[in-house]
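Single-letter residue listing:
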Amino acid sequence: MSVQEQSPGAALSAASQSPCEAEEAALGRCLSLLPWDRFSAWLHCICVVGFDLELGQAVEEIYPQHSKLTDKEKTNICYLSFPDSNSGCLGDTQFCFRFRQSSSRRVSLHCMLDQLDRDLPVSLKKDPAYYYGYVYFRQVRDKTLKRGYFQKSLVLISKLPYIHLFNAVLRHIAPEYFVKNEPFLEAVCSDVDHWPPPVPGKTLNLPIMGIIMKIRIPTCHDKPGTTQIVQFTQQADTQISIALPTVHEVDLFRCFCPVFFHIQMLWELVLLGEPLVVMAPSPSESSETVLALVSCISPLKYCSDFRPYFTIHDSEFKEYTTRTQAPPSVILGVTNPFFAKTLQHWPHIVRIGEIKLPGEVPKQVKVKKLKNLKTLDSKPGVYTSYKPYLNRDEEIIKLLQKGVQQKRPAEAQSVILRRYFLELTQSFIIPLERYVASLMPLQKSISPWKSPPQLRQFSQEDFMKTLEKAGPQLTSRLKGDWIGLYRHFLKSPNFNGWFRTRRKEMTQKLEALHLEALCNEDLLFWSQKHTEVETVDLVLKLKNKLLQADREHLPVKPDTMEKLQRHIDAIILALPDDLQDILLKTGTT
């Protein structure tokens, strides 16, 4: 759908609306999308991957049929949609994978849908360079087939990291698909193309093959660590409604059970962007554990690559397993025994057995040396020579152990663990937030007649000096080498990503304050004291400011845009007619 740049007048009208009105207007515009635009807001396509005796894994069908995938993307989807043969996954298996978009082509989404991304928590924002694949794989005995087995995967390809939602969708549609085949998938696609846009913060009703899934996508304004319950409303029709408690969270406690005593060390490794391999018996365990690791530093965004399920056929296999350079900052989930040898040089390896909720208290498992990891059959544990910077928190271990003894529900255990990780991350990041906020110039230094002032440079040593009086000890009981942890973090991709985002936000805030300073001046009086050339130059600059504010979604007050537009109109009206005609046309298309 072609997207034209808004005029200042359109920007003014949008800016003068209340947040609720703006959201409703956005939804109104989304209702007039072209066919398949609604589908594209949620999914790129649905693939059916089967096994051919001559070709091996092959993409048999793609829906909608106009969906575009490159040959490289199809190859990746083929190999990532089937468990490794050693996994022995009989019956139905669900897991997810993540792969690179193989070209610079971008999925065409309506402009309003892209704007919705702004309101998401940073960890749920779309990454334009990657797709997720959500898989429902079936392998059952079938004597009528030469191989003796029926093997097929139904795969949802999406930009959205909503594993809980898409797993629920697959659980509902896949079993019926394997009976009814292609016509059924066409009906599924039609249902998805009637879904409302994925607006954060609203209760959304998603009809899918006879039921309605009720969800709420989190917003960046939600209090971290809280989940808002989806409210049920009476349905006029008889359709079954299912309320999903989350769209993206995995069962944290279940995932970390095999390495129960090392959760804090794993948090440090993820925080620091260290190369990490999860070796698991099946793609279900590997993908859930990798996603649990990535989420454990929330609300910080994990800024390196991560692959919930990675195979020897992956297009990045050579890049990630080479011994000619240090392992990259990436988290890989693998199941093939070949990786135990190929990735022996990696510094941190997590080996997990089959994930089950223990009926008894997990036993203490020591950190093992890497040289002891010979095969994928090695005992579960963490294989690393890493020495944690912080002393281990025995209280969280005792609290979770007590929960196991008292048969506390797994959901409650996960809530406790998620809150623990959140408080740990917040204690770590608050001193950084406080220091970075001090780099902002004082508001009195902002002059309407000069460019906005620059942020002061980040100084590692200046930051370290603040930790003595305003460090994590204010909010965390943990002792240890916090200074060493910060020094290591400041060299990591996670710090670079976090600081880039904060710097962009603060720069936009400066631009917004500069706009407000301009609006508070008597610009018409100024123009009457200057030449026509200088006045025309001012008008053009003001129009550019309006367009920039709209294009970059600067955090300006609604009336600021309105006042700026009035200033522009007043100055133009005071100019000769010929200049008025030119300036009224400039910047309106």
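Structure's up top.
A brief look at the structure comes next. These numbers come from a predicted model, not from an experiment.

About the cut-offs
- Residues numbered from 1 in each chain as written.
- Predicted model: local features only at pLDDT ≥ 70, side-chain atom pairs only at ≥ 80, totals over all residues.
- Heavy atoms only, no water.
- Axes fitted to C-alpha atoms, helices over the stretch in contact; angles between N-to-C directions.
- Helix = DSSP H or I, 4+ residues; strand = E, 2+ residues; numbered from the N terminus.
- Parallel < 35°, antiparallel > 145°, perpendicular 65-115°, else oblique.
- Left-handed = near helix turned anticlockwise from the far one by under 90°.
- Contact = heavy atoms within 4.5 Å.
- Nonpolar A, V, L, I, M, F, W, Y, C, P; charged D, E, K, R; others polar.
- Expected span 1.5 Å × (residues − 1).
- Buried < 20%, exposed > 50% of the residue type's maximum accessible area, 1.4 Å probe, protein only.
- Arc of directions from axis to C-beta.
- Polar contact = N/O pair within 3.5 Å; in protein donor to acceptor, adjacent residues only side chain to side chain.
- Core = buried A, V, L, I, M, F, W, Y, C linked by side-chain atoms within 4.5 Å.
- Pairing = 2+ DSSP bridges.
- Phe/Tyr/Trp six-rings, centres within 6.5 Å; stacked < 30°, edge-to-face > 60°.
- Lys NZ or Arg CZ within 6 Å of the ring centre and 35° of its normal.
- Salt bridge = Lys/Arg side-chain N within 4 Å of Asp/Glu carboxyl O.
- Patch = residues over 30% accessible without salt bridge, like charges linked within 9 Å, V, L, I, M, F, W, Y side chains within 5 Å.
- Areas by Shrake-Rupley, 256 points an atom, 1.4 Å probe, with all protein chains shown as cover.
- Lys, Arg positive; Asp, Glu negative; His and termini not counted.
- Charge placed at Lys NZ, Arg CZ, Asp CG, Glu CD.

## Observations concerning the packing of helix 19 (residues 532-551) against helix 20 (residues 558-573)
For the pair helix 19 and helix 20, the least separation of the axes is 10 Å and the interaxial angle reads 155°. Regarding the angle of helix 19 to helix 20, the classification is roughly antiparallel. With respect to the hand of their crossing, helix 19 and helix 20 are arranged in left-handed fashion. For the pair formed by helix 19 and helix 20, the contact residues are Thr535, Leu538, Val539, Leu542, Lys543, Lys545, Leu546, Ala549 and Asp550 on the first element and Met561, Leu564, Gln565, Ile568, Ile571 and Ile572 on the second. A breakdown of the residues in the contact of helix 19 with helix 20 according to their chemical character gives 10 nonpolar, 2 polar and 3 charged.

## Re helix 13 (residues 394-405)
The end-to-end C-alpha separation of helix 13 is 17 Å, in line with the 16 Å expected for 12 residues at 1.5 Å each. The complete set of buried residues in helix 13 reads Ile396, Ile397, Leu400, Gln401, Gly403 and Val404. Along the axis of helix 13, the buried residues cluster in a sector spanning 155°; they form a single face. Residues Glu395, Lys398 and Gln405 are exposed on helix 13 and point more than 90 degrees away from its buried face. In this structure, the buried side of helix 13 is in contact with helix 8 (252-256), helix 9 (263-271) and helix 14 (410-437). The opening residue of helix 13, the one whose side-chain oxygen lies 3.0 Å from the backbone nitrogen of glutamate 395, is aspartate 393. Positive backbone phi, at 55°, marks lysine 407, one or two positions downstream of helix 13.

## Considering the nonpolar core
Core analysis: the largest hydrophobic core is formed by 112 residues, its most contacted members being Trp42, Ile46, Leu165, Phe256, Trp267, Phe428 and Leu432. Dropping the residues within four chain positions of it, tryptophan 267 is found in contact with Cys296, Ile297, Leu390, Phe421, Leu424, Thr425, Phe428 and Leu485. Counting 21 residues, the second largest nonpolar core, distinct from the first, contains Val536, Val539, Ala549 and Ile571.

## Thoughts on the packing of helix 14 against helix 17 (residues 493-519)
Between two packed helices, both the angle of their axes relative to each other and the distance between the axes serve to describe the pair. Contact geometry of helix 14 with helix 17 gives a least axis separation of 11 Å together with a crossing angle of 40°. In terms of crossing hand, the pair formed by helix 14 and helix 17 is right-handed. Every residue of helix 17 that contacts helix 14 at Ile429, Leu432, Glu433, Val436 and Ala437 is listed here: Phe495, Trp498, Phe499, Arg502 and Met506.

## Some details on the environment of leucine 269
Checked against the element boundaries, leucine 269 lands in helix 9. Overall, leucine 269 belongs to the buried group, its relative accessible area being 0%. Contact partners of leucine 269, with chain neighbours within four places excluded, come to Glu274, Leu276, His348 and Tyr386.

## Details of the sheet that holds strand 5 (residues 149-158)
The strands that make up a sheet pair up through hydrogen bonds in the backbone, lying either parallel or antiparallel. With respect to topology, 5 strands assemble into an open sheet ordered 2-1-5-4-3, the strand pairing being antiparallel. Whereas interior strands pair on both sides, the edge strands pair on one side only; in this sheet they are strand 2 (56-63) and strand 3 (91-100). In this sheet, adjacent strand axes meet at a mean angle of 25° when their direction is disregarded. Sheet topology places strand 1 (residues 45-52) next to strand 5; 6 bridges connect them, and they run antiparallel. Across the sheet, valine 48 pairs through a bridge with leucine 154, a residue of strand 5.

## Details of the packing of aromatic side chains
Scanning all chains against the criterion turns up 34 aromatic pairs. Seen in terms of ring centroids, phenylalanine 253 and phenylalanine 260 are 6.0 Å apart; in terms of plane orientation they differ by 85°. Their pairing is edge-to-face. Among the residues examined, phenylalanine 253 registers a relative accessible area of 3% and is labelled buried. The class of phenylalanine 260 is buried, set by a relative accessible area of 4%. What links up through ring pairs into an aromatic cluster is the set Trp267, Phe428, Tyr435, Phe458, Phe463, Tyr486, Phe489, Phe495, Trp498 and Phe499. One residue, arginine 98, lies across the ring of tyrosine 130, its end atom 3.9 Å from the ring centre. A cation sits over an aromatic face here: lysine 159 above tyrosine 131, 4.4 Å from the ring centre.

## Overview of the sheet that holds strand 10 (residues 305-307)
Pairing in this open sheet of 5 strands is mixed, and the strands run 10-11-9-12-13 from one edge to the other. The open sheet terminates on both sides in strands that have one partner only, identified here as strand 10 and strand 13 (381-384). Taking each pair of neighbouring strands and ignoring which way they run, the sheet shows an average axis angle of 15°. Bridging between strand 9 (residues 276-279) and strand 11 (residues 330-334) involves 4 bridges; their strand directions are parallel. Bridge pairing in strand 11 links leucine 276 to isoleucine 331. Along the sheet face, helix 10 (residues 283-295) touches strand 9, strand 10 and strand 11 and points at about 160° away from the line of strand 11.

## Regarding the pattern of salt bridges
Two side chains with opposite charge may pair up if their charged atoms get near one another. In the structure shown here, the tally under the stated rule is 23 salt bridges. Two residues, glutamate 288 and arginine 254, come together in a salt bridge whose shortest N-O distance is 2.8 Å. Of this pair, glutamate 288 sits in helix 10 while arginine 254 sits in helix 8, placing them 34 residues apart in sequence. With relative accessibility at 26%, the residue arginine 254 sits in the partly exposed group. Of the charged contacts in the structure, one is a salt bridge between aspartate 305 and arginine 307, with a shortest N-O distance of 2.9 Å. Aspartate 305 sits in the buried class, given a relative accessible area of 8%. When its relative accessible area of 0% is taken as the criterion, arginine 307 is described as buried.

## Points about a negative patch on the surface
Negative charge collects at one region of the surface, where Glu532, Asp577, Asp578 and Asp581 lie side by side. The leading source of residues in the negative patch is helix 21 (residues 577-585), at 3 residues. By the secondary structure assignment, glutamate 532 is in helix 19. Judged by its relative accessible area of 43%, glutamate 532 falls in the partly exposed class.

## Looking at helix 4 (residues 71-80)
Within helix 4, burial applies to Glu73, Asn76, Ile77, Cys78 and Leu80. Buried residues along helix 4 sit against strand 1, strand 2, strand 3, strand 4 (130-141) and strand 5.

## Remarks on unusual backbone geometry
Note that the residue after tyrosine 63, namely proline 64, is joined by a cis bond; omega there is -15°. Relative to the helices and strands, proline 64 is located in the loop between strand 2 and helix 4. Cis geometry marks the peptide bond from serine 298 to proline 299; its omega dihedral reads 10°. In this structure, proline 299 sits in the loop between helix 10 and strand 10. The backbone of asparagine 181 shows a phi angle near 60°, a positive value even though the residue is not glycine. Examined against the element boundaries, asparagine 181 turns out to sit in the loop between helix 6 (163-180) and helix 7 (182-192). Given the relative accessible area of 32%, asparagine 181 is considered partly exposed. Here the phi dihedral of lysine 407 falls at roughly 55°; this positive angle occurs in a residue that is not glycine. Looking at the secondary structure, you find lysine 407 in the loop between helix 13 and helix 14.

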